[in-house]
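# Chains, contacts and geometry: an overview
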Amino acid sequence: MPLSSQHPKYAAAAPDWKVVRDTHAGERQVKAAGTEYLPATSGMIAAGFLDGASGTALIGRERSDGQVEAVAGAACPSEGQAQYDAYCCRAVFHPLVAASAEALIGIMHRKPPTIALPEKLEPLRDDCTQDREGLATLLRRINEEQLLTGRIGLLLDVRGELGPEALPFLSTYTAESILNWGVDRDASPGRLLFAVLDESGDQLQDDLSYRHQQRYLVLGNAATPFVRQSAADAVGLPASGYVAAAVTDTDDAADLPFKAPQIAGNGLPEIPFVTIGAKDLQWAPDAPPLLRVASMALAIYRGEADYRHALFMQGQETLVTIGAKQASAYAEPGEVVRGRPILLGANGRIDLDLGGDAKFIGVSAAGLSAMRQAIEDDKRAAAEMGAQIIGDRSGGAESGDALEIRVAARTATLSSVALAGAQGLERILKMAAIWIGANPDEVKITPNLDFAGSPITGADILQITQAKSMGLPLSWASIHDWLARKGFTAKTYEEEEDQIGAEGPSGIDRNGGRALDDATTDKAA
């Protein structure tokens, strides 16, 4: 098979990815797609658009007999193409997808994630990619890709053999670059057998220019038939385990230079590649969460084009004369131009026969208000789908509990995105821990799931402490964890204990009793 072969589920999902990518990129990308997102009107097609014909500009040329002849000038776009270009130019595309993505990412990362790592992996906390990104920044980028395409891949990357102190790094692959894959359904269900990743892109040349280079990275398990059949040196491969081959400037899947990446002489028993979807870590692509917003943005774009075209036509009235004494100055190529152009304004004049008339006719304004209202309704619907998931609530005040319930009901997708992203990053880091001989159980990624951000009041704390003094089965450590999640403190429970001990008597018995000074005074009395 060619390396560029696409998995059937990839081919099915790719059109949706393109829609979201284009609308996220903005107006320039959407308008460059032309009729893919904004069809031409029937009038534009009738005027020559889409038929491949180009027009010519007509100019007047004086002949030897003194008459003016119409001749064809330089080639120019057809009248229909010119109309469509103006139609597209007047249309307004609103960046709803970009705004929604930014708002949702801001909500998800209003508080940083909690990241626990074994000591050997600590250097990755602030430098885990080739771009020297930290894990928190990488998780933010993972969440953005989850929202846009519903898919992103993470590879535990290492080129060649590395020494005992070396660490692998993480490489990300967009949904579009994960071309093909195979998963075991028999011996070890869900285990990745192979994957083909497209790494093609512009490469810097020695003269500082750029050249597009075709490049594929093929991941596989040495025990699979595909690897054995396509390897250039199958004899030199291990019996099983992770192998990889980088191929440039070819699409041929034969004679692939598979090698087993190692750190301190140790390989991996499985392919260190994880796909993260919008809801889970399955290989089947999820639907992009922002696809509905992208579709609504395009619907608004088409509505804006029609609305602004109608507004433009309102100011383009046509002069009609009845009983004019002179013909208009119009002629086909090769014909003599007869008459003079009609001039309008203070210096213009129209000669009419007795009983003649001259007037302007234009497009009716009926329907403009309905078009405007439809656009506004679509904008509100798009905002509800995306950027304003946590929006203003009309109808008065709202308690903290009611807010949290409402947000939980409306952000189920956001929670699944946050959890799936954290689980995927945690899984790949556990593989890294195994590879370098660290404890994978020490890896823990906990995303922020507090999207509402309801504040804590003094009354809330008082009620909790009173309930505990009355027998509520809740430890002080649990109460501290609740306060920490709400942003009331950044210290651990042990740090708070040490701080309280250093401060001495604070005047409050933490077991729910009275102030210390008051109790002493009562005994003295």
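Computed from a predicted model, the values in this text were never measured in an experiment.

## A look at the pairing of strand β9 (residues 201-204)
Pairing geometry for β9 and strand β10 (residues 210-213), over 4 bridges, is antiparallel. Across the sheet, residue Gln-203 finds its bridge partner in β10, namely Arg-211.

## Structural notes on the nonpolar core
Note on soluble globular proteins: their nonpolar side chains tend to be buried together. Counting residues in each nonpolar core, the largest one holds 67 residues, and the members touching the most others are Leu-170, Leu-219, Phe-258, Phe-273, Leu-425, Ile-428 and Leu-429. Take this core: its biggest share by element is 10 residues, from helix α11 (residues 412-436). Look past the residues within four positions of Leu-170 in its chain and what remains in contact with it is Cys-128, Thr-129, Gln-130, Leu-135, Leu-138, Leu-155, Leu-156, Leu-425, Ile-428 and Leu-429.

## Remarks on the sheet that holds strand β14 (residues 273-277)
With antiparallel pairing, 3 strands are arranged side by side in an open sheet as β6-β4-β14. Edge positions in the open sheet fall to β6 (169-174) and β14, since each of these has one partner strand only. The mean angle between the axes of side-by-side strands here comes to 25°, regardless of whether they run parallel or antiparallel. Summarising the sheet, strand β4 (residues 151-157) and β14 pair through 5 bridges and their orientation is antiparallel. Note on β14: the bridge partner recorded for Arg-151 is Gly-277. Here helix α6 (residues 135-149) sits on the sheet in contact with β4, β6 and β14, set at roughly 145° to β4.

## A short note on the confidence of the model for the protein chain
The predicted model of the protein chain has a mean per-residue pLDDT of 82, with 80% of residues at 70 or higher. Mean pLDDT across the elements of the protein chain ranges from a minimum in helix α15 (residues 516-524), with 45, to a maximum in helix α1 (residues 8-25), with 97. This stretch, residues 387-398, has a pLDDT under 50; its non-local contacts, to residues over four places away or in other chains, come to 20 contacts. In this model, residues 507-525 is a region of pLDDT below 50 whose contacts with residues beyond four sequence positions or in other chains number 12 contacts.

## So, the packing of α1 against α6
The N-to-C vectors of α1 and α6 enclose an angle of 115°; their axes lie 9 Å apart at closest approach. Across the interface between the two elements, Trp-17, Val-20, Arg-21 and His-24 from α1 touch Glu-144, Glu-145, Leu-148 and Thr-149 from α6. Of the residues in the contact of α1 with α6, the class split is 3 nonpolar, 2 polar and 3 charged.

## Quick word on the side chain of Asn-180
Within the fold, Asn-180 resides in strand β7 (residues 178-183). Excluding residues that lie within four positions of it along the chain, Asn-180 makes contacts with Met-1, Ser-5, Gln-6, His-7, Phe-194, Ala-195 and Val-196.

## Regarding the pattern of salt bridges
Scanning the model with the defined rule gives 18 salt bridges in all. Between Arg-21 and Glu-145 there is a salt bridge, with the nearest N and O atoms lying 2.7 Å from each other. Here Glu-145 lies in helix α6 and Arg-21 lies in helix α1, a separation of 124 residues in the sequence. Residue classification places Arg-21 among the partly exposed residues on the basis of a relative accessible area of 23%. Overall, the relative accessible area of 11% leaves Glu-145 in the buried class. Salt-bridge contacts for Lys-31 lead to Glu-27; the nearest nitrogen and oxygen are separated by 3.5 Å. Of this pair, Lys-31 and Glu-27 are both found in helix α2 (residues 27-32), 4 residues apart, which corresponds to roughly one turn of the helix.

## Quick word on the packing of aromatic side chains
With the rule as written, the count across this model stands at 8 aromatic pairs. Ring centres 6.2 Å apart and planes at 55° place the aromatic pair Tyr-84 and Tyr-87 in the tilted group. With Tyr-84 and Tyr-87 both in helix α4 (residues 79-90) and 3 residues apart, this pair spans about one turn of that helix. You can call Tyr-87 buried: its relative accessible area is 3%. Ring geometry for Tyr-173 versus Phe-273: centroids 6.1 Å apart, planes at 65°, classification edge-to-face. Residue Tyr-173 is located in strand β6, and its partner Phe-273 is located in strand β14; the two are separated by 100 residues in the primary sequence. The exposure class of Phe-273 is buried, given its relative accessible area of 4%. Feature note: the residues Tyr-173, Trp-181, Phe-273 and Trp-283 constitute an aromatic cluster, connected by ring pairs. It is Arg-90 that lies over the ring of Phe-312; its NZ or CZ is 3.9 Å from the centre. One cation-aromatic arrangement involves Arg-151 over Trp-181; the distance from NZ or CZ to the ring centre is 4.3 Å.

## Topic: helix α13 (residues 476-485)
Every buried residue of α13 is accounted for by Ile-479, His-480 and Leu-483. One side of α13 holds all its buried residues, which, seen down the axis, span an arc of 100°. Summarising the contacts, the buried residues of α13 are in contact with α12 (458-469) and α14 (493-503). Among the residues trailing α13, Gly-487 stands out with phi positive, at a value near 80°.

## Regarding the packing of helix α5 (residues 96-108) against α6
Look at α5 against α6: their axes get within 10 Å of each other, and the N-to-C directions meet at 135°. Classified by the angle their axes make, α5 and α6 are oblique. For the crossing formed where α5 meets α6, the hand is right-handed. On the side of α5, the interface is formed by Val-97, Ala-101, Leu-104, Ile-105 and Met-108, while α6 contributes Arg-140, Asn-143, Glu-144, Leu-147 and Leu-148. For the contact of α5 with α6, the residue count by class is 7 nonpolar, 1 polar and 2 charged.

## Digging into the sheet that holds β7
One open sheet holds the 4 strands; their spatial order is β7-β8-β11-β12, and the pairing between them is antiparallel. Each edge of the open sheet is held by one strand with a lone partner, namely β7 and β12 (242-248). Across the sheet, the mean angle from the axis of one strand to that of its neighbour is 10°, orientation sign disregarded.

Criteria and thresholds
- Residues numbered from 1 in each chain as written.
- Predicted model: local features only at pLDDT ≥ 70, side-chain atom pairs only at ≥ 80, totals over all residues.
- Heavy atoms only, no water.
- Pairing = 2+ DSSP bridges.
- Helix = DSSP H or I, 4+ residues; strand = E, 2+ residues; numbered from the N terminus.
- Core = buried A, V, L, I, M, F, W, Y, C linked by side-chain atoms within 4.5 Å.
- Buried < 20%, exposed > 50% of the residue type's maximum accessible area, 1.4 Å probe, protein only.
- Contact = heavy atoms within 4.5 Å.
- Axes fitted to C-alpha atoms, helices over the stretch in contact; angles between N-to-C directions.
- pLDDT = per-residue confidence, 0-100.
- Nonpolar A, V, L, I, M, F, W, Y, C, P; charged D, E, K, R; others polar.
- Salt bridge = Lys/Arg side-chain N within 4 Å of Asp/Glu carboxyl O.
- Phe/Tyr/Trp six-rings, centres within 6.5 Å; stacked < 30°, edge-to-face > 60°.
- Lys NZ or Arg CZ within 6 Å of the ring centre and 35° of its normal.
- Arc of directions from axis to C-beta.
- Parallel < 35°, antiparallel > 145°, perpendicular 65-115°, else oblique.
- Left-handed = near helix turned anticlockwise from the far one by under 90°.

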